[in-house]
Amino acid sequence: GVFSLTGNLLEMATGAVFSDLNPFGENNMIVTGGDFANFGLLLNIPANTTDDIFVPLGIDRYMPINLDFSDGSSGTTDSKYLLRLNIPQVGVILLEDSVPVDLIDDVENVLGMYFSVDGTDVGDGLYLDLKFRYNQQYVQVTTPYTEEDYIAARVLANNTTISKLGSTIVDEINDILTFNIQGDFAGDDFAVDGDYFAGVDGAIPNEILEYETINDTPVDNGCLNCGYDEPVPGGGAPSGAIVTVSSGHELTFNIDGVNFYRTIIEENARLVIAGTVQHKLGKVSGEGTIVLQDLSVLPSGDYSDFFGCGGGKLEFWATSDDLEVLANMPPIEGVTFIGPNQITIANSSVNICNNIIINGGATVRAANEANLNIEGNVEIINGDFDFRQGDALIKGDLIVTNNPFITFFNGFALAGNNGELTIEGNINLGGRGMNLGTVFRETHL
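Remarks on the pairing of strand S14 (residues 176-183)
Then, in step 1: Looking at chain direction, strand S10 (residues 126-133) and S14 are connected through 8 bridges and run antiparallel. Bridge pairing in S14 places phenylalanine 132 opposite leucine 177.
Then, in step 2: Direction of pairing for strand S13 (residues 170-171) relative to S14: antiparallel, over a ladder of 2 bridges. Bridge pairing in S14 links valine 170 to leucine 177.
Then, in step 3: Here S13 folds back onto S14, and the loop between the two strands holds 4 residues, one of which, aspartate 175, carries a positive phi near 60°.

Shown next, in the form of structure tokens:
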């Protein structure tokens, strides 16, 4: 069968191997990736192994990986290798060429997927052939190019230079990319870490550009001394770049189709998606806030380093449409809901590491079978929170704020006739009060 990780991490014990009761393939494989996180598969490799380790990975197609140490050794230390498959094409590819004379369509001439590797404690004496099998479904070329024109490339996590490794390591007959890595890497945290891919040479840039905001700015404000510390070629939005939203700044996506390779949202910074779509954020990190205005779904990206306790926060604005949000999400540091429209929390387990805040007249409704776990406070400043029939645990306080001048703007908490609500902190009751259901519902204080 297919074992889908849905963004979760699968860790294999040292010496574990994959055995096929039925032949590995598209109906018998491990699928990495998820909607908002891709923690992948983690292998624990003993020191000095000479094994050829086979990993039956895939996405919608079967694309296994070999860590082949048989011509050498895994090195002098026990090590770990985190493997991930990703779609679509790697984010360093430019959506629009910055060089007008370059007539090649970059996106249509690279592999429509890529492989990511993160190594830990890689030691000295490493000799590794990393073998990635791709599928013909993801081979993309335009005339006059063919798959024979593909070269292999990689970009290491601590480097902005893209290493182009030539066509000899692309086996277009068997659909295999083989990257040979050898050397002494003790103390090197980035020995193998990075993204591995292939494409036509002219479609792959040589360098990843980096930009940092210098003020509040729309994303396409790339002229000299406008929105970023460096001018963007053509003056528009960065593409295939590493973009940092600096602390205290707000970067607004006012156009469709923004493509970043990495997105860093610093603490107290805000990335605002202003009702626009078809964005790719690449690998997202930081402790800032992503604001979704009249949108329920995050842009495409890998949020493994963004979500989680101590990470980034979300803010949903329902100003013109009702929204349904937080479906199948990992734990989130904090969430704010802004109205005046209705926002429904999806029917899945939701874990908030800190606070939920409701403002702007929003009516926030939990799903009838919701399971909410809120480690901090629920603060209803202006709007309603309807727990409905679901279960909720609030480890902090339930705060219903009072506005002494305009009572219409006060908060209100309510619930249905079934389910359980547990509040481990205090109830600070103001506003329009609360109505937590009938005798059939349990409320624990």
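The discussion continues.
Section: the sheet that holds strand S31 (residues 362-366)
Then, in step 1: Read across the open sheet, the 6 strands follow the order S26-S28-S31-S34-S37-S40; overall the sheet is parallel. In this open sheet, the two strands that pair with only one neighbour each are strand S26 (323-325) and strand S40 (434-435).
Then, in step 2: As judged from the 4 bridges shared by S31 and strand S34 (residues 383-386), these two strands associate in the parallel manner. Looking at S34, one finds that threonine 363 is bridged to aspartate 384.

So, the pairing of strand S22 (residues 280-286)
Then, in step 1: Where strand S20 (residues 259-265) and S22 come together, 5 bridges link them in parallel fashion. Bridging across to S22, isoleucine 264 finds its partner in serine 285.
Then, in step 2: Of the strand pairs in this sheet, S22 and strand S24 (residues 300-305) are connected by 3 bridges, and their pairing is parallel. If you follow lysine 280 over to S24, its bridge partner there is serine 300.

A few points about the pattern of salt bridges
Then, in step 1: Counted by the stated rule, this structure contains 9 salt bridges.
Then, in step 2: A salt bridge links glutamate 11 to lysine 80, with the nearest nitrogen and oxygen atoms 3.8 Å apart. Here glutamate 11, found in strand S2 (residues 10-12), pairs with lysine 80, found in strand S8 (residues 79-86); they are 69 residues apart in sequence, far enough to count as distant.
Then, in step 3: Several salt bridges share partner residues, and in doing so they unite Arg84, Asp118 and Asp302 into one network.

Observations concerning the packing of aromatic side chains
Then, in step 1: In the structure shown here, the tally under the stated rule is 13 aromatic pairs.
Then, in step 2: Pairing phenylalanine 115 with phenylalanine 132 gives two aromatic rings, centres 4.5 Å apart and planes at 25°, and the pair type is stacked. Placement of phenylalanine 115 in strand S9 (residues 114-120) and of phenylalanine 132 in strand S10 is noted, with a sequence separation of 17 residues between them.
Then, in step 3: We classify phenylalanine 115 as buried; its relative accessible area is 0%.
Then, in step 4: Look at phenylalanine 132 and you get buried, because its relative accessible area is 0%.
Then, in step 5: Between phenylalanine 385 and phenylalanine 387, the aromatic rings sit 4.4 Å apart at their centres with planes inclined by 20°, giving stacked as the arrangement.
Then, in step 6: Residue phenylalanine 385 is classed as buried on the basis of its relative accessible area of 0%.

Thoughts on the sheet that holds strand S4 (residues 41-45)
Then, in step 1: Pairing is mixed in the open sheet, where 7 strands are placed in the order S2-S4-S8-S9-S15-S11-S12. Each edge of the sheet is formed by a strand with only one pairing partner; in this case those strands are S2 and strand S12 (163-164).

Quick word on the state of the cysteines
Then, in step 1: What the rule picks out here adds up to 2 disulfides.
Then, in step 2: Across the disulfide, cysteine 223 is cross-linked to cysteine 226 (sulfur-sulfur distance 1.8 Å). The sign of the -95° torsion about the S-S bond sets the cysteine 223-cysteine 226 disulfide as left-handed.
Then, in step 3: Among the residues examined, cysteine 223 registers a relative accessible area of 32% and is labelled partly exposed.
Then, in step 4: Since its relative accessible area comes to 18%, cysteine 226 is described here as buried.
Then, in step 5: Disulfide pairing is shown between cysteine 309 and cysteine 353; the S-S distance is 2.1 Å. Given an S-S torsion of about -80°, the disulfide between cysteine 309 and cysteine 353 has left-handed geometry. Taken together, the residues cysteine 309 in the loop between S24 and strand S25 (313-317) and cysteine 353 in the loop between strand S29 (349-352) and strand S30 (356-359) connect sequence positions 44 residues apart.

Notes on the environment of methionine 29
Then, in step 1: Mapping methionine 29 onto the fold places it in strand S3 (residues 29-31).
Then, in step 2: Exposure remark for methionine 29: the relative accessible area of 4% places this residue in the buried category.
Then, in step 3: Spatially, the C-alpha atoms of methionine 29 and proline 56 are 5.4 Å apart, while their sequence positions differ by 27 residues.
Then, in step 4: Setting aside residues no more than four positions away along its own chain, methionine 29 makes contact with Gly1, Val2, Phe3, Pro56, Leu57, Gly58, Ile59, Asp60, Arg61 and Tyr62.

So, unusual backbone geometry
Then, in step 1: Following threonine 143, the chain continues to proline 144 via a peptide bond in cis, the omega torsion being 15°.
Then, in step 2: Here the bond from glycine 339 into proline 340 is cis, since omega is 25°, no more than 30 degrees from zero.
Then, in step 3: The topology assignment puts proline 340 in the loop between strand S27 (335-338) and strand S28 (342-345).
Then, in step 4: Look at leucine 326: it is not a glycine, yet its phi comes out positive at around 65°.
Then, in step 5: Position of leucine 326 among the secondary structure elements: in the loop between S26 and S27.
Then, in step 6: Judged by its relative accessible area of 4%, leucine 326 is buried.
Then, in step 7: A positive phi angle is found at arginine 388, which is not glycine, with a value near 50°.
Then, in step 8: With respect to the element layout, arginine 388 can be found in the loop between S34 and strand S35 (391-394).

Re the side chain of asparagine 135
Then, in step 1: Mapped onto the elements of the fold, asparagine 135 is located in the loop between S10 and strand S11 (150-156).
Then, in step 2: Aside from chain neighbours lying at most four places away, what touches asparagine 135 is Glu26, Arg61 and Met63.

Rules used in this analysis
- The numbers attached to residues start from 1 for each chain and follow its sequence in the written order.
- Only residues with pLDDT of at least 70 get local features here, since the model is predicted, and only at 80 or more are side-chain atom pairs given and counted; chain-wide, interface and lining totals rely on the full set of residues.
- Only hydrogens and water are removed before side-chain values are computed, so all heavy atoms of the structure are retained for them.
- Two strands pair under a simple rule: DSSP has to find at least two bridges between them.
- Numbering of helices and strands runs from the N terminus; a helix is a DSSP stretch of H or I covering at least four residues, while a strand is a stretch of E covering at least two.
- The salt bridge definition used is simple: a Lys or Arg side-chain nitrogen within 4 Å of an Asp or Glu carboxyl oxygen.
- A pair of Phe, Tyr and Trp rings is counted when the ring centres sit within 6.5 Å of each other, with Trp represented by its six-membered ring. The angle between the planes then sorts it: under 30 degrees is stacked, over 60 is edge-to-face, the rest tilted.
- The buried label applies to any residue whose accessible area, calculated with a 1.4 Å probe on protein chains only, is under 20% of its type's maximum; exposed applies above 50%, and partly exposed to all values in between.
- The rule for a disulfide is simple: a pair of cysteine sulfur atoms within 2.5 Å.
- In what follows, a contact means two residues having at least one pair of non-hydrogen atoms within 4.5 Å.

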